[in-house]
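Geometric and topological summary
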Amino acid sequence: MVSKRLLAAGLVALSMVASQAAQATQAMQNIEFWTMSLKPKFVPYFETLVKRYEAQNPGVTIEWIDFPGDLIQTKLVTRIVAGTPPALVNLNVPWADEYARDGLIVPVDQLMGAAKSTYAKAAIDDLTFSGKTYGFPLYSNVTVIAYNTSLFKEAGLTLPPQSLDEQLAFSMKIYAKTGEAGFSPSLAKADGFMLQQGLPIVKDGKAVFNSPQHVALVEKLAVAYKAGGILKDNLFSEDNFPAAIAAYNGGRLAMLSAPPTAVKRIETDAKDIYAITDVAPAPLGPTGIVDGGWLIHFAVPTGVDAKLMPAIAKFARYLTNDENQLAFDKLANVFPTTIAAANDPYFQRLPVNAGASEKAVAIGAESMKRSRTLYVAGIDDYDELRRSLVNAIEAGVTGKQDPKAALDAAVAIWNKKLATQAH
Amino acid sequence: MMKTSFKQNLQAYLFLAPALVLFAVFSFWPVGYGSYLAFTDYSLIKPTHWVGLDNFRYIFDNAMFVAGLRNSLLFLLIVPIIQIGAITLAVLVNNRLPGIRLFRAAFYVPVVTTISVVGIMWGFMFHEQGTLNYVLLQLRLVNQPVGWLSDDSIALFAVMFVTVWRGLGWYMVMYLAGLQAVPAEMQEAAILDGANRWQRFWKITVPMLRPTIMVCSIMSVLAALKAYQEVLVLTQGGPLNATFTALYYAYDQGLKHLKLPRGLAASFVVSICCVAIMLLCLRYIKPKHR
């Protein structure tokens, strides 16, 4: 009898323990978040961040996965289709625009709540498509000009350029006097380049980049190209930055238009060139927008478990709050997207005896106020269309084709595509 | 007799089964399913519909694919160059000379060099301020730097050169194996008959190498039509689409921009070209029955 009671009591106790264990397991919330190309440099940063969050939030486990930039899209789409998307994923703005149109990411206005007002307006505007916000802004970047004072002096120049026209004129003068190229514009991002100059790409559903103003811009570039002012290395490749910084570090390029991280790289890779480098703000276009804005954010993919949403919202706000953004930005030499972090003295005060690298951060922080991610939103096959624009500019700049004829041909390709989208 | 034959066949198929299953899963099924998807609007996220030849119309209407297909066919120019070069190298390194193994290894190094390293190295070499232009300028063979990868009239040939450079060692080893299988007695008999070195090469070596030539030619034709890695690491299809190949277009659309049906349609066209040219090779360079 006693043994039966003991057995019964044991079973009850066991079932209670099992039930509690089951409840505990159910209560455990796993949040998987993906970043883009941040390993190995930022492993200590993210590991510390995750440990701290898990300690502050019992019952939540965080899993961090980092993918190279060229893989993350394929992985993401596959996981969304499989019904097992990550809770948060790093995207850039054009990708977010396309994913939002395809229904692959969800609006986060509700998840953001009152925290929305803590982010910079420009960042929220970049991520707002059809009136809804599609991501938690993480960091952005902006272009500054690092210039070789020695080549400037040799060319009889004392001040950095204030406009694109001046930059082109300086470049030609530098080549004429020193035999080295002046600068290397990112012509593979021709859409952003034109938009920054106040020249629209699409108007009323039609491509309009063959206007006399657009043609004049290409002709100006062609003149500088022919005169040797523009660096020819990989000029029209999708990313001409590696070629440009290699040329700058080798003393073959007078002006490097790049984010402040690049100045840090010059400091590490080419100390002799860094010693004669000064930094200036990148010229504003007629729009008042500075070039090089490239916002990275955390988006929430479609198909994430609805029950997880409050926990995801809390973690996303934690990842992108003032304190954590500031810590990340200092490590990565990028710029915050929260108002408070942007106003931190780190970005506002120039240290005594500041080198070009510190100066770049301060100048960049000032320019950030006028930084936007420049591209044309809401167009299918945008990359392919942009390539036809870049090809037209390449043909015009290198003299393979008359600029007007080249732009006309590209406009025809765009309009054919845009017409199919309109139906 | 029938029973024995059936049993033997069954045994053979059972031995082949593991490999056939692997082939079926990893080759036949993807090829078949991929070919089917080339005729659909497959997009991972939306229901798939049959769209007939729409994807093919799209790619043939696209300047990049048309340029790519033309360039892929132009790439076939490397086949005779690579075969003649490989045979010449194989004959040279087939001699018993001191240190010849070092040369054999040296010629094979490009084959085992990863494509990313190849891209960086030849990127430096072909650069306007790179090694090649430096040498040419110093020798006063050119007046100004040549845009090996930035001039659309020569960029494709620069990429083709890298493909030849990468492939030469592989085919050299194949021909070396073929040369070493040529019976020494035949050569000796020919020497006794008074044949000179040239005659022995044309009358004995080349005919004996014919099966190897056929295999190598087919392989290099397929490799030429499928060229895309060199394009990826050196030019990404530029300048002005001059180095786009059909398969690079397939990669660009299918994997880079996730437009899978277009990429698959381009791959389908490349496959058709591969099969057609392979059949031509089999017809015209089939080894003669001995």
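For clarity, every value in this text was computed on a predicted model and none was experimentally measured. (Residues numbered from 1 in each chain as written. Chains lettered and ligands numbered in written order. Predicted model: local features only at pLDDT ≥ 70, side-chain atom pairs only at ≥ 80, totals over all residues.)

Moving on, we come to the overall build of chain B. Helix and strand counts for chain B come out as 13 helices and zero strands. The order of α-helices and β-strands along chain B, N terminus first, is α-α-α-α-α-α-α-α-α-α-α-α-α. Taking the principal axes of the C-alpha coordinates as reference, chain B spans close to 80 × 75 × 30 Å. Each of the 290 residues in chain B was classed as buried or not, and the buried ones make up 34%. (Helix = DSSP H or I, 4+ residues; strand = E, 2+ residues; numbered from the N terminus. Buried ≥ 20, exposed ≤ 12 C-beta atoms within 10 Å, placed from the backbone.)

Attention now goes to the pairing of strand E13 (residues 296–301) of chain A. All names here are of chain A. For E13, the buried fraction is high: six of the six residues fall into the buried class. Residues Ile-296, Phe-298 and Val-300 point to one face of E13 and His-297, Ala-299 and Pro-301 to the other, with burial holding for every one of them. Summarising the sheet, strand E4 (residues 105–106) and E13 pair through two bridges and their orientation is antiparallel. Residue pairing for E13: Val-106 is matched across the bridge by Val-300. Where strand E7 (residues 136–140) and E13 come together, three bridges link them in antiparallel fashion. Note that in E13 the partner of Phe-136 across the bridge is Phe-298. (Pairing = 2+ DSSP bridges.)

Residues and elements named next belong to chain A. One can read the domain layout of chain A as domain 1 (29–139 + 294–343) and domain 2 (144–292 + 378–422). In this structure, domain 1 and domain 2 have C-alpha centres spaced 31 Å apart. When the residues that make up the side of domain 1 that touches domain 2 are grouped by side-chain class, the tally is four nonpolar, one polar and two charged. (Domains from an automatic or database assignment. Nonpolar A, V, L, I, M, F, W, Y, C, P; charged D, E, K, R; others polar.)

All names here are of chain B. Predicted confidence across chain B gives a mean pLDDT of 89, with 97% of residues reaching 70 or more. Ranking the helices and strands of chain B by mean pLDDT puts helix H2 (residues 54–60) first, with 94, and helix H5 (residues 100–112) last, with 88. Both confidence scores are given for the complex: pTM 0.79, ipTM 0.72. (pLDDT = per-residue confidence, 0-100.)

Glancing now at the nonpolar core. Ranked by size, the top nonpolar core spans 182 residues in total, and within it Ala-146 and Leu-253 of chain A together with Ala-86 of chain B carry the most contacts. Domain assignment of the residues forming this core places at least three in each of domain 1 (29–139 + 294–343) and domain 2 (144–292 + 378–422) of chain A. Among all residues touching Ala-146 of chain A, those that are not within four sequence positions of it are Tyr-248, Leu-256, Ala-258, Ala-262, Val-263, Ile-266, Thr-277, Val-279, Ala-356 and Ala-360 of chain A. (Core = buried A, V, L, I, M, F, W, Y, C linked by C-beta atoms within 7 Å. Contact = placed C-beta atoms within 7 Å.)

With that out of the way, let us pick up the interface of chain B and chain A. On the chain A side, the residues contacting the 16 residues of chain B number 18 residues. Along the lines of polarity and charge, the residues of the side of chain B that touches chain A split into six nonpolar, eight polar and two charged.

Time to look at unusual backbone geometry. In this model, Lys-39 of chain A is joined to Pro-40 of chain A through a cis peptide bond whose omega is 0°. Its location among the elements puts Pro-40 of chain A in the loop between strand E1 (29–36) and helix H2 (43–56). In the segment running from Gly-238 of chain B into Pro-239 of chain B, the intervening peptide bond is cis, with an omega of -10°. You can see Pro-239 of chain B is positioned in the loop between helix H11 (229–234) and helix H12 (246–256). With phi around 50°, Asp-204 of chain A is a residue other than glycine that occupies positive phi space. Its location among the elements puts Asp-204 of chain A in the loop between strand E9 (202–203) and strand E10 (206–207). Taking the number of C-beta atoms within 10 Å as the measure of exposure, Asp-204 of chain A has 6 and is therefore exposed. One non-glycine residue, Asn-241 of chain B, lies in the positive phi region at around 65°. Counting through the fold element by element, Asn-241 of chain B comes out in the loop between H11 and H12.

Residues and elements named next belong to chain A. Examined bridge by bridge, E1 and strand E2 (residues 60–67) share eight bridges and lie parallel to one another. Bridge assignment links Ile-31 to a residue of E2, and that residue is Ile-62. Following the chain from E1 across H2 to the adjacent parallel E2, one finds a crossover that is right-handed. (Right-handed = clockwise from strand over helix to strand, strands pointing away.)

Residues and elements named next belong to chain A. Within the open sheet, the three strands sit side by side as E11-E8-E12. Their pairing is antiparallel. At either end of the open sheet lies a strand with only one pairing partner, and these are strand E11 (255–258) and strand E12 (277–281). Direction aside, neighbouring strands of the sheet carry axes that sit 25° apart on average. The sheet contact formed by strand E8 (residues 144–148) and E12 spans five bridges and is antiparallel. Its bridge partner being in E12, Asn-148 is matched across the sheet by Thr-277. Contacts from helix H11 (residues 241–249) reach E8 and E11 within the one sheet, and its direction differs from that of E11 by about 145°. (Axes fitted to C-alpha atoms, helices over the stretch in contact; angles between N-to-C directions.)

An α-helix turns once per 3.6 residues; consequently, residues spaced three or four apart project the same way. All names here are of chain A. What helix H15 (residues 322–332) keeps buried is the set Asn-324, Gln-325, Phe-328 and Asp-329. The buried residues of H15 occupy an angular sector of 130° when the element is viewed end-on, so they sit on one face. For H15, exposure combined with an orientation more than 90 degrees from the buried face picks out Glu-323 and Leu-331. Those residues of H15 that are buried are in contact with H2, E7, helix H14 (309–319), strand E14 (335–336) and helix H16 (339–342). Directly after H15, the chain includes Asn-333, whose backbone phi takes a positive value near 60°. (Arc of directions from axis to C-beta.)

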